[in-house]
Amino acid sequence: MSGEPLLRVEHLDVRYRTAETDLPVLRDVSIHVDRGEIVGIVGESGCGKSTLSSAVMRLLPPNGMITGGRICLGDRDLTALDPEAIRRLRGPEIAMIFQDPLSSLNPVFPVWTQIRDAVAAHVDRRDFDATALRARAAATLVELGIADAVRRLDDYPHQFSGGMRQRIVIAMALLLKPDLLIADEPTSALDATMQAQIVSILARLRRERNLAVMFVTHDLALVANLCDRVVVMYCGSVVETGPVRSVFRDPVHPYTRALIGAIPRRHEHVERLVTIRGSVPSLSQLPAGCVYAARCDLARATCRAGVPDVREHDGRLVRCFATDPASTYAHDAAEVAEG
Amino acid sequence: MSAGPDLLHVDNLSTHFADRRGVIDRVARRTPSVVRAVDGVDLVVAHNEIFGLVGESGCGKTTLGRTILGLVPAAEGTIRFDGDDITDLGRGERRALRRRMQMIFQDPYASLSPRMRVSSLLTEPYRIQNTPRGERYSVSELLEMVNLSTEQADKYPHELSGGQARRIGIARTLALRPEFIVADEPTSGLDVSAAAAILNLIQDLRREFGLTFLVITHNVNTLSFLADRLAVMYLGRIVEMGRAADVLDSPSHPYTRALLAAVPGIDPGGADIERAALIEGEIPSPRNPPSGCRFRTRCLHARAGVCEQSPELREIAAGHAIACNRWPEVQQDKEWSRAADLV
């Protein structure tokens, strides 16, 4: 059952290099996803959540490189594997679905051809049985709510709606029985009622197949309801991670608190929503201390001087001096109070 | 809030789009197929009110907003603004009215010329309207209204963040001192914190300038913060309308209930996510909508012999109306109580 660690990302550093710059897009990122667990990776645009999923899939663009840390799937370190070994891993062990299902499907081939080729690319030729696969593909599509799947396998992607295409892509990913599914904004292009259908499919797959899901999204409400744990990212690093219930009910990091306060609630009327002053710092000009300090209401001298470590606090991990009794932060407070 | 007398009256409004006919269609004398994007909508917006229009893509909410502003012609019905019929206006009258009725467009970058600096973008409405000097706001006044610093005046649109570009779009609409603003998805594409700032700004502008807003959105939670009243649209028609708090606390049309169940709130584990999809399938094509109740093909509660008739929007409580032929019996359905904890 769940609980057994599947994916462990430890102290991961990723940089994007261009002729002029060398950007530290991920800094000291550590997360884990256990078997049968859905982990939400949230943050605003540019926080590095998509880079993290690309790094795990080893799909970083050519100028993106892992400069430190490890990505372990079971007992293998993916950062040490050669491209061929990674290719064999994609599909049977890790699969990925994206926001726009059209970009994952070729418009000029019927769905069946694409499913067949995708599976054939990842299994041993001797084990490949097209007839059996077709039956299994049809059964999986039916399971995901596509009626008349046997006939519809011969349809082209444009003959399906956005929600149906996303089901096809999920079915393709499932046929190789991966342990981990990385879903990068899989419902962002869909309408609310269609999003609910896709999300309920993911929840069911976790329950029935013990599938682990790394769910990358900007939609905090979706995370609150779908995920077991949440990882909050800001500007390339993890600021808070813990069980969804505790993080959303009682966020500790000032950034998490602001994010949650910025979202309108349906049954609770507030006069004003929480906003965050200033803007996300540029990766080429990161401040010396805590990356959030310039926008943080709790920032003090300590926060501008050094980068806080991740520490355990109230059942979760938080990267903030204000929650670290061993830091000089409390001392700063005394100074402020006296002054 | 402090809603005054009625400002906007929309009666039985319809907007149709006809397919362009090719040579073959004309030779074969095919009648063009007509999409009834908006189909018989009635609504009233009071002075200084924020009225929300919510629905999924293709429901006609944007078309309704554009028809009210005269950007698309109405096929049937009337629109009255401050007592005057504005359904069919000549060019000159329409231009004069534009000062009073403005729109915040969905894509701020698409509505800002990339070659103009913020300062000239902000004064462009004055050049178009030939506004006398004495009635113009200065660039810095306009920037201040939307909480931007005067340093932004020399920038080009590509130098602005999404939230800043949205504010410039809003400042442009404010330049002409309008009374009524249609805001189409005012926070789409924005990050959570930038979106919150825009929502706060809309509330501030309503208070400070006595503005009236029609806010079009697909996100019903936005309206819980923003709207005094709201209408839910499905396939060109309003299915539920009322005070925002009433509709959100006791959604009564089966479609509204499905929509609210599908959009979870932020409280963790509040909803059973595996069951949150109360309706299956997708919105039928507006080209060929179901007869009678347009939601009946996806409705958990549809009954043969009852739902083939077009339902009227009827009050079920003071100021709260729904269009459902099965009200109030529908509440006795087993599915109704089973879904109650989801909505």
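Residues numbered from 1 in each chain as written. Chains lettered and ligands numbered in written order. Predicted model: local features only at pLDDT ≥ 70, side-chain atom pairs only at ≥ 80, totals over all residues.

Colleague: Just give me the short version of the overall build of chain B, but keep the residues and values in it.
Modeller: Across its full length, chain B carries 11 helices and 12 strands. Principal-axis analysis of the C-alpha atoms places the extent of chain B at approximately 65 × 60 × 40 Å. For chain B, the proportion of its 343 residues judged to be buried stands at 46%. When contacts within chain B are restricted to residue pairs at least 6 apart in sequence, long-range pairs at least 24 apart make up 67% of them. (Helix = DSSP H or I, 4+ residues; strand = E, 2+ residues; numbered from the N terminus. Buried ≥ 20, exposed ≤ 12 C-beta atoms within 10 Å, placed from the backbone. Contact = placed C-beta atoms within 7 Å.)

Colleague: Describe in detail the nonpolar core, supporting the description with residues and values.
Modeller: Grouped together as the largest cluster of nonpolar side chains are 203 residues, with contacts concentrated most on Phe215, Leu220, Val223 and Leu226 of chain A together with Val215 of chain B. Beyond its immediate stretch of four places on either side in the chain, Leu226 of chain A contacts Ile38, Val199, Leu202, Ala203 and Phe215 of chain A together with Ile273 of chain B. (Core = buried A, V, L, I, M, F, W, Y, C linked by C-beta atoms within 7 Å.)

Colleague: Just give me the short version of the confidence of the model for chain B, but keep the residues and values in it.
Modeller: Reading fine detail from the predicted coordinates is not recommended where pLDDT is low. In this model, chain B carries an average pLDDT of 91, and 98% of its residues clear a pLDDT of 70 or more. Across the predicted assembly, pTM comes out at 0.91 and ipTM at 0.88. (pLDDT = per-residue confidence, 0-100.)

Colleague: Explain the sheet that holds strand β7 (residues 180–184) of chain B to me, using residue names and the numbers behind them.
Modeller: All names here are of chain B. Taking strand neighbours across the sheet as the criterion, the 8 strands line up as β6-β7-β8-β3-β9-β10-β12-β11 in an open arrangement whose pairing is mixed. Two strands lie at the open edges of the sheet, namely β6 (101–104) and β11 (314–317), each paired on one side alone. Taking each pair of neighbouring strands and ignoring which way they run, the sheet shows an average axis angle of 20°. Bridging between β6 and β7 involves 4 bridges; their strand directions are parallel. From the neighbouring strand, Ile104 faces β7, where its bridge partner is Ala183. Set on the sheet, helix α2 (residues 61–68) makes contact with β3 (50–54), β7, β8 (212–217) and β9 (229–234); between it and β8 the angle comes to about 150°. (Pairing = 2+ DSSP bridges. Axes fitted to C-alpha atoms, helices over the stretch in contact; angles between N-to-C directions.)

Colleague: For the interface of chain B and chain A, give the residues involved together with the corresponding values.
Modeller: Contact with chain B, which involves 38 residues of that partner, is made by 42 residues of chain A. At the level of secondary structure, the elements contributing two or more residues to the side of chain B that touches chain A comprise α7 (192–209), α8 (220–226), α9 (244–249) and α10 (254–262) of chain B. Per element, the largest residue contribution to the side of chain B that touches chain A is 6 residues, and it comes from α7 of chain B. Broken down by class, the residue content of the side of chain B that touches chain A amounts to 19 nonpolar, 11 polar and 8 charged. (Nonpolar A, V, L, I, M, F, W, Y, C, P; charged D, E, K, R; others polar.)

Colleague: Which residues make up helix α4 (residues 111–122) of chain A, and what values go with them?
Modeller: Residues and elements named next belong to chain A. Given a rise of 1.5 Å per residue, 12 residues ought to cover 16 Å, and the 17 Å separating the end C-alpha atoms of α4 matches this to within 8%. Of all the residues in α4, the buried ones are Val111, Gln114 and Ile115. For α4, the angular spread of buried residues about the axis comes to 100°, placing them on one side. Exposed and oriented more than 90 degrees from the buried face of α4 are Asp117 and Ala121. (Expected span 1.5 Å × (residues − 1). Arc of directions from axis to C-beta.)

Colleague: Give me the pairing of strand β7 (residues 180–184) of chain A: which residues, what numbers.
Modeller: Residue and element names in this part refer to chain A. Counted residue by residue, β7 has 5 buried out of 5 residues, so it is predominantly covered. Neither face of β7 is open: one carries Leu180, Ile182 and Asp184, the other Leu181 and Ala183, and all of them are buried. Relative to β7, strand β6 (residues 94–97) is paired through 4 bridges, and the arrangement is parallel. Among the inter-strand pairings, Ala95 is bridged to a residue of β7, identified as Leu181. For β7 and strand β8 (residues 212–217), the ladder comprises 5 bridges, and the chain directions are parallel. Across the sheet, the residue bridging to Ala183 is Phe215, located in β8. For the crossover that starts at β7, traverses helix α8 (residues 192–209) and ends in the parallel β8, the hand is right-handed. (Right-handed = clockwise from strand over helix to strand, strands pointing away.)

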